[in-house]
Number of protein chains: 2
Amino acid sequence: MTRQLSTTDRTTIRRGSAKARTERSDLYATLDAGLICHLGLLVDGSPRVLPTGYGRSGDTLYVHGSTGARSLREAAESVEVCVTVTHLDGIVYARSLFHHSANFRSAMIHGRARDVVDADEKWLALRVITDQLAPGSWQHSRQPNKRELAATAVIAVDLAEAAVKIRTGGPQDDVEDVAAGTAWAGVLPLRTRWGAPEPAADLSAEFEVPPHVSERKYPA
Amino acid sequence: MTRQLSTTDRTTIRRGSAKARTERSDLYATLDAGLICHLGLLVDGSPRVLPTGYGRSGDTLYVHGSTGARSLREAAESVEVCVTVTHLDGIVYARSLFHHSANFRSAMIHGRARDVVDADEKWLALRVITDQLAPGSWQHSRQPNKRELAATAVIAVDLAEAAVKIRTGGPQDDVEDVAAGTAWAGVLPLRTRWGAPEPAADLSAEFEVPPHVSERKYPA
């Protein structure tokens, strides 16, 4: 039995509903393939959208708080947030401008932010956030000391309420435009890959690039 | 004289202030290099973050309303929004996990959404949104008819209140970690490029890929 995403009013996708996905596996895949999320929350009554790192452990999303820390601290505890992860996979060129589109995968999570204070959970959260942004670094680099841990804010968001939307394939043109045959139609895919590692200026020239960097795949 | 970004409480970058940019040219460059934005707004009192297309004309940002249209219509007119455009340029590996970071360019715009209803302005808005997502298509593809125009929602946001944050370069490690020399440090750049165009299944095999697609550069 596959596990379905719960349906609430705000996770029911009304526009382009053919693109909505209802399997939890699509949610996990979309989140796990990402590098940054956009965290939305209210600050002094105004919406704010912050790009930041994240990681996942089971059905909990951990969001790195450094960029949102002040905003989160100023907001009330258990403030409502929306976390969106988007992959742009290509531009869809149609015969008409109206049917131009984009191929993409997006996950939108609604929930209340929980400040992670338990030491064990914070350690787990930092590990999964590291594994998402820089897999292998948790084992290779110096782990956080007490001072650094205290200076790092992490919030948790439950993955209970989420919407996943995926568009793939070519344009959906009107039949008259296809018949007219006056414009090109198709997809221009967007490819992302890692470039060559650039050692730090103050790194010994003999320090070889470790495999978790040199052999990193995209997505991880 | 260079034009400075205005400074308000919510555009004053407190964390990592070395990364804040105050020139309007940095705002334009960050926006003009992007393909999608994340539009944040309140729906029924909860934050929502929607990925969508956008374009710029001078100091006005036009945001494609299709994904946000229902949300925008449900919200009050001149609702407050936050539009964020983020480019992830690379992962910064430091000797310590604490100093791991990302190289990025981000622009965050705060303002009130204005529903674009004037026919001439809507036409301009659709042209700049098209030029951003699919440059050349405005000239090549069939332009919108009355029915399509009516079915398309566009909002305008003034670029008066904006914050730009840019991080470049290598890690900023603690001196003790540099001296210890036990971990690799440097940057793994993220490269994005266009793949080979994929003609639509129902396109005539003789239809050559037009230059605005085959020769498209990244960024545009």
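The preceding data block contains the structure.
Note that this is a predicted model, so its numbers are computed, not measured.

**Q** It is not clear to me how the interface of chain B and chain A should be interpreted in this structure. Could you clarify?
**A** Size of an interface, as often reported, equals the accessible area lost when the parts are brought together. Chain B puts 79 residues into the contact, and the matching count from chain A is 78 residues. Looking at the side of chain B that touches chain A, its residues break down into 42 nonpolar, 22 polar and 15 charged. Pairing between strand β11 (residues 198-199) of chain A and strand β10 (residues 186-194) of chain B: 2 bridges, direction antiparallel. Bridge pairing in β10 of chain B places P199 of chain A opposite G186 of chain B.

**Q** Teacher, can you tell me more about the environment of S46 of chain A here?
**A** Of note, S46 of chain A is situated in strand β3 (residues 46-57). Its 17 C-beta neighbours within 10 Å are what place S46 of chain A among the partly exposed residues. If sequence neighbours within four positions are ignored, S46 of chain A has contacts with R10, E80, C82 and H110 of chain B.

**Q** For this particular structure, what's the right way to read the relation of the copies chain B and chain A?
**A** Applying a rotation about an axis and a shift along it to one chain copy brings it onto the other copy. Rotating chain B by 180° and moving it 0.0 Å along the rotation axis overlays it on chain A with an RMSD of 0.0 Å. The superposition operator between the copies reduces to a two-fold rotation axis. Closest approach to the rotation axis among the C-alpha atoms of chain B is made by T192 of chain B, whose C-alpha sits 2.2 Å away.

**Q** What is the right way to read the pairing of β10 of chain B from this model?
**A** If a strand is regular, its side chains alternate between the two faces of the sheet. Sheet topology note: the strand β10 (residues 186-194) of chain A/β10 of chain B ladder contains 5 bridges and is antiparallel. Among the inter-strand pairings, L190 of chain A is bridged to a residue of β10 of chain B, identified as W194 of chain B. Bridging between strand β5 (residues 80-93) of chain B and β10 of chain B involves 4 bridges; their strand directions are antiparallel. Residue pairing for β10 of chain B: V92 of chain B is matched across the bridge by V187 of chain B.

What counts and what doesn't
All residue numbers here refer to positions counted from 1 along the written sequence of the relevant chain. Written order determines the labels here, with chains lettered from A and ligands numbered from 1. Local features in this predicted model are restricted to residues of pLDDT 70 or higher, and side-chain atom pairs are both shown and tallied only at a pLDDT of 80 or more, whereas totals for entire chains, interfaces and linings draw on every residue. Here, residue contact means that the backbone-derived C-beta atoms of the two residues sit within 7 Å. Amino acid classes used here: Ala, Val, Leu, Ile, Met, Phe, Trp, Tyr, Cys and Pro are nonpolar; Asp, Glu, Lys and Arg are charged; the rest, including Gly, are polar. Pairing between strands requires that DSSP locate at least two bridges from one strand to the other. To qualify as a helix, a DSSP run of H or I must reach at least 4 residues; to qualify as a strand, a run of E must reach at least 2; elements of each kind are numbered from the N terminus. Comment: burial labels come from other C-beta atoms within 10 Å of the residue's own C-beta, placed from the backbone, where a count of 20 or more is buried, 12 or fewer is exposed, and between is partly exposed. Only residues with pLDDT of at least 70 in both copies contribute their C-alpha atoms to the least-squares superposition of the copies.

Take it as geometry only, folks, not as evidence of what the structure does.
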